[in-house]
Amino acid sequence: MISDRVFKIGSAVKGDLTRIKKQFDQLANQTSFTVIDLKDYVLRRGILQRKESGSLEALVGKVLGMYLSKDDVLRKNDEWEELPLKPELLHYAALDVLTSQLVFEEATKVAPLDQVEIDTPGGTQVSLLTQEGGSIIAYGRIASLQPNSLGGVRVNVPTRSRLVVDIDVVVVPSAAVILHILPQSMSTSSQKTKAGAYTLGQLLAASSGPTFQIVTPVTLLAFNHHNVVSISEYVFDHKIYIFSHQNSPSLSSPLMQAAGQVQLPSNNLVDIASQELSSDSEESSLDEGEADDNIVEMKMLEAHTESTTRQKGIFYVILPAIFYLIILGKVKDANRMLFKMSQLQHLLTHVQFFMK
Amino acid sequence: MAAAYGLKPLDLPLDFKIIWLGTSELVENTFSSLMAPLDLDKSMSLTASIDAEWKMSRKSGVSIFQVAPHSQSDTVFIIPVRFLFFCLSEFKLIYLSFLNFTFYLHPCFDS
């Protein structure tokens, strides 16, 4: 085997090789390529953003700071098989491939970004991002075992672009887990995210333990080098609690892991809450529809509060939290409301910890 | 348009060589020579930029295939794949080195 050591480099190179493959019957069953797509190569070095054009002309501008003239009349030509080839076609063909070489060699001078790869070892601490280069929605570890599929979601896809991750800490429960599509029967308007997928909160709730697994595109993973979330921002909708925590598998739940290392005194939480109350006061002028929603929310909140109070016996800390939810005033339906109540329960867990 | 922003146009250097591989022997000799160092040193690899062009009316396959080995930065090899394909089919020949270069070796070639 030699060709696995021959790296074929080009712009949209897989398409070219696929066409050649179809030309040779002997290669009909061949599926392996050793190719480097220029756009991917440049993206990995942070020279180009994924949303930007990856055409050869664009790469020449980005990487070489030069201008490549691509004459469409030459490219979309019917004389590529007329021999001898016209000089302008020869020139065009040669320039195209030389350009690819120049872009590659220049991009090679830039160190690749530190990115999670498909072969990054199991156990590596990672952050899950809302989108490529986006904010962190969860912390976890690459699963030691990578099955072919997980919960009906394929892991081992031909593009080798997915990994199973053990999620330890959910930062944004409402964030969609894009590959875990909701079944049709559950895809009601009130439950589904924009992506039509389960949320992290839903998967956490459905899991039997503190850690649960998801399948995610590798591009949504970033290294969590410190293995410590030194200052985590846990976002409960409008509210941000800042505290330190260290991942500790021995603790009973991801949120308890966080609570177990909280370093701010409890009165800091109260301070933050009261600041938010005053800052949200300008939102108190609600329209009638929103007011109706709030009545429903209030009734549900009261019912839930009573049961929670009986169960937890910490009525004195629930009242401020209830006040916080009332001030939110933006919960639109019962499901959303229940989800907020589960968040409230987590909050109470934290507060209980402080009071001990 | 980019030129209007003051970007310098990219063009072939004056001493650049465009080598037309118009026979199967030329293709075979060129590619076996390019890959010879890989036989000698199992840790060695080869990088080459490639591209293909095809005439607009062609539904599948390519008309020409361009290869610029990075080890020869002043040279581009152009293979008239479609033209040679007819010749080779007629004589039941295979571009062994070319196919070896382009893809993993197919098991039936791996002797």
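Provided above is the structure to which this section pertains.
Residues numbered from 1 in each chain as written. Chains lettered and ligands numbered in written order. Predicted model: local features only at pLDDT ≥ 70, side-chain atom pairs only at ≥ 80, totals over all residues. Heavy atoms only, no water.

Undergrad: Quick question: what am I supposed to make of the overall build of chain B here?
TA: A tally of helices and strands in chain B yields three helices and five strands. The linear arrangement of helices and strands in chain B, starting from the amino end, is β-β-α-β-β-β-α-α. Evaluated residue by residue, chain B yields a buried proportion of 46% over its 111 residues. A sequence separation of at least 24 residues applies to 43% of the contacts in chain B between residues at least 6 apart. (Helix = DSSP H or I, 4+ residues; strand = E, 2+ residues; numbered from the N terminus. Buried < 20%, exposed > 50% of the residue type's maximum accessible area, 1.4 Å probe, protein only. Contact = heavy atoms within 4.5 Å.)

Undergrad: Could you clarify how one ought to interpret the sheet that holds strand β4 (residues 125–129) of chain A in this entry?
TA: Strand pairing in a sheet takes place through backbone hydrogen bonds and is either antiparallel or parallel in direction. All names here are of chain A. Taken in spatial order, the five strands make up an open sheet running β11-β8-β5-β4-β12, and their pairing is antiparallel. Every other strand in the sheet has two partners, leaving β11 (212–217) and β12 (221–223) as the edge strands with one partner each. Taking each pair of neighbouring strands and ignoring which way they run, the sheet shows an average axis angle of 45°. As paired elements, β4 and strand β5 (residues 136–142) share five bridges and run antiparallel to each other. In the strand pairing of β5, Gln125 is matched with Arg141. (Pairing = 2+ DSSP bridges. Axes fitted to C-alpha atoms, helices over the stretch in contact; angles between N-to-C directions.)

Undergrad: What should I look at first to understand the pattern of salt bridges in this one?
TA: Should their charged atoms come close, side chains of opposite charge can pair. Residues and elements named next belong to chain A. Evaluated as defined, the whole model comprises twelve salt bridges over all chains. The salt bridge involving Arg141 is made with Asp166; its shortest N-O contact spans 3.8 Å. Linking Arg141 in strand β5 with Asp166 in strand β8 (residues 162–170), this pair joins segments that are 25 residues apart in sequence. Residue Arg141 is classed as partly exposed on the basis of its relative accessible area, which comes to 24%. One salt-bridge network, held together by shared partners, links Asp72, Arg75 and Lys76. (Salt bridge = Lys/Arg side-chain N within 4 Å of Asp/Glu carboxyl O.)

Undergrad: Please clarify how the nonpolar core should be interpreted in this entry.
TA: What tends to happen in soluble globular proteins is that the nonpolar side chains get buried as a cluster. Core analysis: the largest hydrophobic core is formed by 33 residues, its most contacted members being Leu38, Val42, Trp80 and Val103 of chain A together with Val76 of chain B. Listing elements by their share of this core, those giving two or more residues are α2 (38–43), α3 (56–64) and α5 (87–108) of chain A together with β4 (64–69) and β5 (75–79) of chain B. Here Val103 of chain A is in contact with Leu38, Val42, Leu59, Val60, Val63 and Leu64 of chain A, once residues within four sequence places are set aside. Counting 19 residues, the second-largest nonpolar core is a separate cluster that includes Val116, Ile142, Leu203 and Val218 of chain A. (Core = buried A, V, L, I, M, F, W, Y, C linked by side-chain atoms within 4.5 Å.)

Undergrad: When you look at the environment of Ile47 of chain A in this model, what are you seeing that I'm missing?
TA: Residue and element names in this part refer to chain A. Locating Ile47 in the fold gives a position in the loop between α2 and α3. Judged by its relative accessible area of 22%, Ile47 falls in the partly exposed class. For the pair Ile47 and Val110, spaced 63 residues apart in sequence, the C-alpha to C-alpha distance is 8.4 Å. Apart from the residues within four sequence positions on either side, Ile47 is in contact with Val42, Lys62, Val63, Ala107 and Val110.

Undergrad: What is the right way to look at the packing of aromatic side chains in this model?
TA: Think of a pair of aromatic rings as described by two things: how far the centres are apart, and how the planes are tilted against each other in angle. Residues and elements named next belong to chain A. One pass over the structure, following the stated rule, counts two aromatic pairs over all chains. Residues Trp80 and Tyr92 carry aromatic rings whose centres are separated by 6.0 Å and whose planes lie at 55° to one another, so their mutual orientation is tilted. One end of the pair, Trp80, is in the loop between α4 (72–75) and α5; the other, Tyr92, is in helix α5, with twelve residues separating them in the sequence. Of the two residues examined, Trp80 and Tyr92, each falls in the buried class. Its guanidinium or amino end placed over the ring of Tyr41, Arg45 lies 3.8 Å from that ring's centre, counting from NZ or CZ. (Phe/Tyr/Trp six-rings, centres within 6.5 Å; stacked < 30°, edge-to-face > 60°. Lys NZ or Arg CZ within 6 Å of the ring centre and 35° of its normal.)

Undergrad: Explain the pairing of β5 of chain A here, please?
TA: Working note: regular strand, side chains alternate between the two faces of the sheet. All names here are of chain A. Burial within β5 is extensive, with five of its seven residues counted as buried. Between the end of β4 and the start of β5, which pair antiparallel, lie six residues, with Gly133 showing a positive phi angle near 75°. As paired elements, β5 and β8 share five bridges and run antiparallel to each other. If you follow Arg141 over to β8, its bridge partner there is Asp166.

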